[in-house]
Amino acid sequence: MRIDLHAHSNASDGTDSPAELVAAAVAAGLDVVALTDHDTVAGHAEAAEAVHALPAGSRLTLVPGAELSCVVEGISMHLLAYLFDPAEPAFAQERELVRTDRFRRGRAIVERCRDLGADVSWEQVQRIAGAGSVGRPHIASALVEAGVVATVSDAFSPEWLANGGRADVRKHETDPVEAVRLVRAAGGVPVFAHPGAVKRGRTVPDQVIADLAAAGLAALEVDHTDHDEAAREHLRTLAGDLGLLVTGSSDYHGARKTVRLGEHTTDPAVYEALVAQATGAKPIGG
Ligand code: AMP
Ligand code: FE
Ligand code: FE
Ligand code: ZN
């Protein structure tokens, strides 16, 4: 069983359509893939349709999910949510709030980039983002198009879009304890995404992870491309101490990142345990 519980489509900042992501997951030999777009479930229907349309012989299970933008003590962090009821109003409203504020903030970031001499425009960013939940990776692609930086990753520097960088503007983000409660109340299963991704900026102290565990967090995403061996070791121990499960996932973004689908995977027993906790939705297909 090859299980990858973190992937993005062009419903947020990935480059594959949801149907293309499903095809890519089959091609990568995955048995299970989770669609976890930032602050949106807009890709779920197309992905589910693609799974149902798979030819006999290629079996794939789709786990519908999302990745909610959160902030605690001024530190941005991401909470994965699996198998929640997408129609549950409180969590749906919070996703909507974050998505809406992404537009105001995207415009402000583009203004900053222009003030700093980059020839990018909001129209260009909107063309790149399409219907996707707009974010810094789309603006990074615009900066690449404009010849300001060579790669999307290079745009996440202090000169441009990194957390606290010259062109960074904050968006509305949810308190993670509140977010864990919202996800659980919607029947979903919350997992802390890449908690030790130091290259993205400051990471939260262990005490915050303990608070989240007390609030109902299910697992830590430990095997992730942004974690070095020491970070994984530390998080694995912390998860053990706090009674949390441990996942591994690619955080695939199509052509916007170099990581491949299935580059990191989750243990089947852990996957089963996560699914058993969910009451809001069921895995699709398989
Ligand atoms: P936003 O949600 O608009 O704040 O943008 C955050 C997204 O930018 C993350 O989900 C990643 O996809 C991407 N990102 C953050 N930091 C980096 C980085 N250092 N290199 C490449 N992509 C990054
Ligand atoms: Fe992303
Ligand atoms: Fe993330
Ligand atoms: Zn992600």
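Residues numbered from 1 in each chain as written. Chains lettered and ligands numbered in written order. Predicted model: local features only at pLDDT ≥ 70, side-chain atom pairs only at ≥ 80, totals over all residues. Heavy atoms only, no water.

1. Things to note about the coordination of the iron ion (ligand 2)
Okay, so step 1: Distances from the iron ion (ligand 2) to its protein donors, Asp13 (OD), His38 (NE2) and His253 (NE2), fall at 2.1 to 2.2 Å.
Okay, so step 2: Site description for the iron ion (ligand 2): donor spacing in sequence, D-x24-H-x214-H.
Okay, so step 3: Separating the iron ion (ligand 2) from the iron ion (ligand 3) is a gap of 5.3 Å. With Asp13 in the loop between strand S1 (3-7) and helix H1 (18-27) and His38 in strand S2 (residues 32-38), this residue pair connects regions lying 25 residues apart in the sequence. We note that Asp13, like His38, is buried. (Donors = N, O, S within 2.8 Å, 3.2 Å for Na, K, Ca; no water. Helix = DSSP H or I, 4+ residues; strand = E, 2+ residues; numbered from the N terminus. Buried < 20%, exposed > 50% of the residue type's maximum accessible area, 1.4 Å probe, protein only.)

2. What to know about the coordination of the iron ion (ligand 3)
Okay, so step 1: Binding of the iron ion (ligand 3) to the protein goes through Glu67 (OE), His78 (ND1) and His194 (NE2), at separations of 2.0 to 2.2 Å.
Okay, so step 2: Sequence positions of the residues that donate to the iron ion (ligand 3) give the spacing E-x10-H-x115-H.
Okay, so step 3: By relative accessible area, which is 1% here, Glu67 ends up buried.

3. Notes on the environment of Val204
Okay, so step 1: Relative to the elements of secondary structure, Val204 occurs in the loop between strand S5 (189-193) and helix H8 (206-215).
Okay, so step 2: Between the alpha carbons of Val204 and Ala179 there is a distance of 15 Å; along the sequence they are 25 residues apart.
Okay, so step 3: When residues no more than four places from it in sequence are discounted, the contact partners of Val204 are Val72, Ile75, Met77, Phe192 and Ile209. (Contact = heavy atoms within 4.5 Å.)

4. Structural notes on unusual backbone geometry
Okay, so step 1: In this structure, Glu73 takes a positive phi of about 50 degrees despite not being glycine.
Okay, so step 2: Among the residues examined, Glu73 registers a relative accessible area of 57% and is labelled exposed.
Okay, so step 3: One non-glycine residue with positive phi stands out, namely Asp251, at about 60 degrees.
Okay, so step 4: Note on placement: Asp251 falls in the loop between strand S7 (245-248) and helix H10 (268-277).
Okay, so step 5: With relative accessibility at 3%, the residue Asp251 sits in the buried group.

5. Brief notes about the site of ligand 1
Okay, so step 1: Near ligand 1 you find 14 residues, and of these His38, Arg102, Arg105, Arg136 and Lys171 are the closest.
Okay, so step 2: Contact between ligand 1 and Arg105: an oxygen atom at 2.7 Å from a side-chain N or O atom of the residue.
Okay, so step 3: The backbone of Arg136 places a nitrogen or oxygen atom 2.8 Å from an oxygen atom of ligand 1.
Okay, so step 4: Those elements giving two or more residues to the shell around ligand 1 turn out to be helix H3 (89-115) and helix H5 (136-145).
Okay, so step 5: Taken together, the residues that form the shell around ligand 1 break down as 2 nonpolar, 4 polar and 8 charged. (Near = heavy atom within 4 Å. Polar contact = N/O pair within 3.5 Å; in protein donor to acceptor, adjacent residues only side chain to side chain. Nonpolar A, V, L, I, M, F, W, Y, C, P; charged D, E, K, R; others polar.)

6. Some words on the nonpolar core
Okay, so step 1: Residues Phe91, Phe192, Val204, Ile209, Leu217 and Leu220 are the most contacted members of the largest nonpolar core, which totals 30 residues.
Okay, so step 2: If you list the elements that add at least two residues to this core, you get strand S3 (61-72), strand S4 (75-82), H3, helix H7 (176-185), H8, strand S6 (219-223) and helix H9 (229-242).
Okay, so step 3: No other element matches the 5 residues that H8 contributes to this core.
Okay, so step 4: With sequence-adjacent residues up to four places away left out, Phe192 is seen in contact with Met77, His78, Leu79, Val204, Ile209, Leu212, Leu217, Ala219, Leu220 and Glu221.
Okay, so step 5: Counting residues in each nonpolar core, the second largest holds 21 residues, with Ile139, Ala142, Val149 and Trp160 among its members. (Core = buried A, V, L, I, M, F, W, Y, C linked by side-chain atoms within 4.5 Å.)

7. As for the pairing of S4
Okay, so step 1: Counted residue by residue, S4 has 7 buried out of 8 residues, so it is predominantly covered.
Okay, so step 2: As paired elements, S3 and S4 share 8 bridges and run antiparallel to each other. Note on S4: the bridge partner recorded for Ser69 is His78.
Okay, so step 3: Hairpin connection of S3 to S4: 2 residues between the antiparallel strands, including Glu73 at a positive phi of 50 degrees.
Okay, so step 4: Here S4 runs beside S5; their pairing, made up of 5 bridges, is antiparallel. In the sheet register, Ala81 faces S5, and the bridge partner there is Pro190. (Pairing = 2+ DSSP bridges.)

8. Here we look at the packing of helix H4 (residues 122-129) against H5
Okay, so step 1: Where H4 contacts H5, the axes come no closer than 9 Å and their chain directions differ by 115 degrees. Between H4 and H5 the crossing geometry is right-handed. Of the residues in H5, those touching H4 at Gln124, Val125, Arg127, Ile128 and Ala129 are His138, Ile139, Ser141, Ala142 and Glu145. (Axes fitted to C-alpha atoms, helices over the stretch in contact; angles between N-to-C directions. Left-handed = near helix turned anticlockwise from the far one by under 90°.)

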